[in-house]
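Notes for the structure review
For reference, the chains in residue letters:
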Amino acid sequence: QVQLVESGGGLVLFGDSLRLSCAASGFSFSTSAMNWYRQTPGEEREWVATISGDGSKTTYADSVKGRFTISRDNAKNTVYLQMNSLKPEDTAVYYCNARVYQFRTTYYWGQGTQVTVSS
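This report concerns the structure included in the present document. These numbers come from a predicted model, not from an experiment.

Before going further, it helps to examine the overall build of the protein chain. Helices and strands together make up the secondary structure of the protein chain, namely 0 helices and 11 strands. For the protein chain, the spread of C-alpha atoms along the principal axes amounts to about 45 × 30 × 25 Å. In the protein chain, which comprises 119 residues, the proportion classed as buried is 39%. Taking as baseline every contact in the protein chain between residues at least 6 positions apart, the subset at least 24 positions apart corresponds to 52%. Element-wise, carbon and sulfur atoms account for 48% of the exposed surface of the protein chain, whose accessible area totals about 6,400 Å².

Given below as structure tokens:
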């Protein structure tokens, strides 16, 4: 079965850095685009970043451009989100998302990992 497991969240101070990881299994990882989203209680889930299957193309939300970097290691079936210069506004639950084709295109979500940035 498809499974996504996020890790690496925690409590940090304004200006600090964190690297989130998402371990994937149960599908063809190297041919699947991967995404990061985040969500604050009471608000809509917000798209953060996308990376193509081969890692050659990345896109970012304006709110994180220049501070966050998405990357992947297809040999390890893992996608990463490097977060630098963190701000209190980055506080959220961060979710890994996979676009998977198995007879049809389906989107899968991990359980999320909490990131809290204190001022």
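Moving on to the pattern of salt bridges. Scanning all chains against the criterion turns up 4 salt bridges. Ionic pairing is found between R38 and E46, a salt bridge with its closest N-O pair at 2.9 Å. Using a relative accessible area of 32% as the deciding quantity, one classes E46 as partly exposed. We note a salt bridge from K65 to D62, for which the minimum N-O separation is 2.9 Å. For D62, a relative accessible area of 64% gives the class exposed.

Attention now goes to the packing of aromatic side chains. Summed over all chains, the structure comprises 3 aromatic pairs. Between the aromatic rings of Y95 and W109, the centroid separation amounts to 6.4 Å while the plane-to-plane angle is 90°, which identifies the pairing as edge-to-face. Placement of the pair is Y95 in strand β9 (residues 92-101) and W109 in strand β10 (residues 105-109), with a sequence separation of 14 residues. These aromatic residues form a ring-pair network of at least three members: Y37, Y95 and W109. For R19, the ring lying beneath its charged end belongs to Y80, and the centroid distance is 5.2 Å. When the ring centre of W109 is taken as reference, the NZ or CZ atom of R45 above it lies at 4.6 Å.

Looking now at the sheet that holds strand β1 (residues 3-7). Spatially, the 4 strands line up as an open sheet ordered β1-β3-β8-β7, and their pairing is antiparallel. For this open sheet the edge positions go to β1 and β7 (68-73), each flanked by a neighbour on one side alone. Each strand axis lies, on average, 15° off the axis of its neighbour in the sheet, ignoring direction.

What follows deals with the state of the cysteines. For the coordinates displayed, the defined rule picks out 1 disulfide. One disulfide bridge connects C22 with C96, the sulfur atoms lying 2.1 Å from each other. Between C22 and C96, the S-S torsion sits near -85°, and that sign places the bridge as left-handed. On the criterion of sequence distance, the pair formed by C22 in strand β3 (residues 18-25) and C96 in strand β9 is long-range, its members being 74 residues apart. Classification of C22 by relative accessible area gives buried; the value is 0%. A relative accessible area of 0% places C96 in the buried class.

Thresholds, definitions, all that
- Residues numbered from 1 in each chain as written.
- Predicted model: local features only at pLDDT ≥ 70, side-chain atom pairs only at ≥ 80, totals over all residues.
- Heavy atoms only, no water.
- Helix = DSSP H or I, 4+ residues; strand = E, 2+ residues; numbered from the N terminus.
- Buried < 20%, exposed > 50% of the residue type's maximum accessible area, 1.4 Å probe, protein only.
- Contact = heavy atoms within 4.5 Å.
- Areas by Shrake-Rupley, 256 points an atom, 1.4 Å probe, with all protein chains shown as cover.
- Salt bridge = Lys/Arg side-chain N within 4 Å of Asp/Glu carboxyl O.
- Phe/Tyr/Trp six-rings, centres within 6.5 Å; stacked < 30°, edge-to-face > 60°.
- Lys NZ or Arg CZ within 6 Å of the ring centre and 35° of its normal.
- Pairing = 2+ DSSP bridges.
- Axes fitted to C-alpha atoms, helices over the stretch in contact; angles between N-to-C directions.
- Disulfide = S-S within 2.5 Å.

Purely spatial values, then, with no claim about function.
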